[in-house]
Amino acid sequence: NGQKMSKSIGNVVDPLEVLEKHGTEAFRYFFLRHIDTFADSDFTWDKFEDAYNNELANDLGNLVQRLATLCQKNGFVYTDATEIKLPAEYAKLMDGFRFKDAFDFAWGKVQEINKKIDDKKPWVLKKENKEEELFLVLKELVDDITEVNRLLSPFLPETSKRISEIFVNEIVPPEQPLFPKK
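On a predicted model such as this, the values are computed, not experimentally measured, just so you know.

So, about the packing of helix α1 (residues 15-22) against helix α2 (residues 24-33). One can describe the packing of α1 onto α2 by two numbers: an axis separation of 7 Å at closest approach and a directional angle of 125°. By the angle between their directions, the pair α1 and α2 is classed as oblique. Here P15, V18, L19 and H22 of α1 lie close against α2, whose contacting residues are T24, A26, F27 and F31. Looking at the contact of α1 with α2 residue by residue, the class counts come to six nonpolar, two polar and no charged.

Structure (structure tokens):
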């Protein structure tokens, strides 16, 4: 909270407490995305909770649930995965151990997919009986989430595995949210 950690001040954060309360993936997310590898960074429980609820639960969790539900309701089966190459910018950041920046790059893609769903409105295509266009949009969106999943895999390996299992062949939304709100 703007101070250096110190046992004498009593502001030390026990990483085991963070892990116990939120799990490994949320821990990895916050400390790889919000804590700079090469500079001092600030931790507060409020910042952690905000990142968990607004970014993990809303941005990523809701995206996966929403897209999987759209695919399932429309009978979209994903069989033709596009080959994914790491973007050069992302690869350069990873090679330079700029994990926060690489994570930010990947998260920008998560936000782009959420915006693309709102812009392309697949539910409107369904109502207008534009099935061919609807399936093209769903394929593009699933290709996008598959690419983002590849970018997130070094940071969130367990979450990435779950996303991979959801978006293959007959797509079924997860029974439990990836990141239940706290």
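On to the pattern of salt bridges. Any two side chains of opposite charge can pair, given that their charged atoms come close. According to the stated counting rule, one finds 14 salt bridges in the structure shown. Taking the shortest distance from any N to any O, the salt bridge between D42 and K47 comes out at 2.9 Å. Given the relative accessible area of 25%, D42 is considered partly exposed. Between K161 and E165 there is a salt bridge; the shortest N-O distance is 4.0 Å. Taken together, the positions of K161 and E165, both in helix α8 (residues 157-166) and four residues apart, correspond to about one turn of that helix. The exposed category is assigned to K161, whose relative accessible area is 54%. Bridged by salt links that share partners, the residues R33, E55, K100 and D104 form one connected network.

Moving on to α2. What sets the pattern is the α-helix's 3.6 residues per turn: residues three or four places apart point alike. For α2, the set of buried residues is E25, A26, Y29, F30 and R33. One side of α2 carries all its buried residues, which in axial view fall inside an arc of 125°. If you follow the buried residues of α2, they end up packed against α1, α3 (45-73), α5 (99-120) and α8.

Conventions used here
- Note that residues are indexed from 1 along each chain, following the sequence as it is written.
- Side-chain atom pairs in this predicted model are given and counted only at pLDDT of 80 or more, local residue features only at pLDDT of at least 70, and totals for whole chains, interfaces and linings cover all residues.
- Calculation of side-chain values draws on the structure's entire complement of heavy atoms; hydrogens and water are dropped beforehand.
- For every element, the axis is a line fit to its C-alpha atoms; helices are fit only across the contacting stretch, and the angle between N-to-C directions ranges from 0 to 180 degrees.
- Put simply, DSSP H or I for four residues or longer makes a helix, DSSP E for two residues or longer makes a strand, and each gets a number counted from the N terminus.
- An angle counts as roughly parallel when it lies under 35 degrees, as roughly antiparallel when it exceeds 145, as roughly perpendicular when it falls between 65 and 115, and as oblique in every other case.
- What makes two residues a contact is simply this: any of their non-hydrogen atoms within 4.5 Å.
- Each residue is assigned to one of three groups, with Ala, Val, Leu, Ile, Met, Phe, Trp, Tyr, Cys and Pro labelled nonpolar, Asp, Glu, Lys and Arg labelled charged, and all others, Gly among them, labelled polar.
- By convention in these notes, a salt bridge is any Lys or Arg side-chain nitrogen within 4 Å of a carboxyl oxygen on Asp or Glu.
- A simple rule labels every residue: compare its accessible area, found with a 1.4 Å probe on the protein chains alone, to the largest value its type can have, and call it buried under 20%, exposed over 50%, or partly exposed in between.
- Regarding the arc, it is the one traced by the directions from the helix axis to the C-beta atoms.

Coordinates in, geometry out; function isn't part of it.
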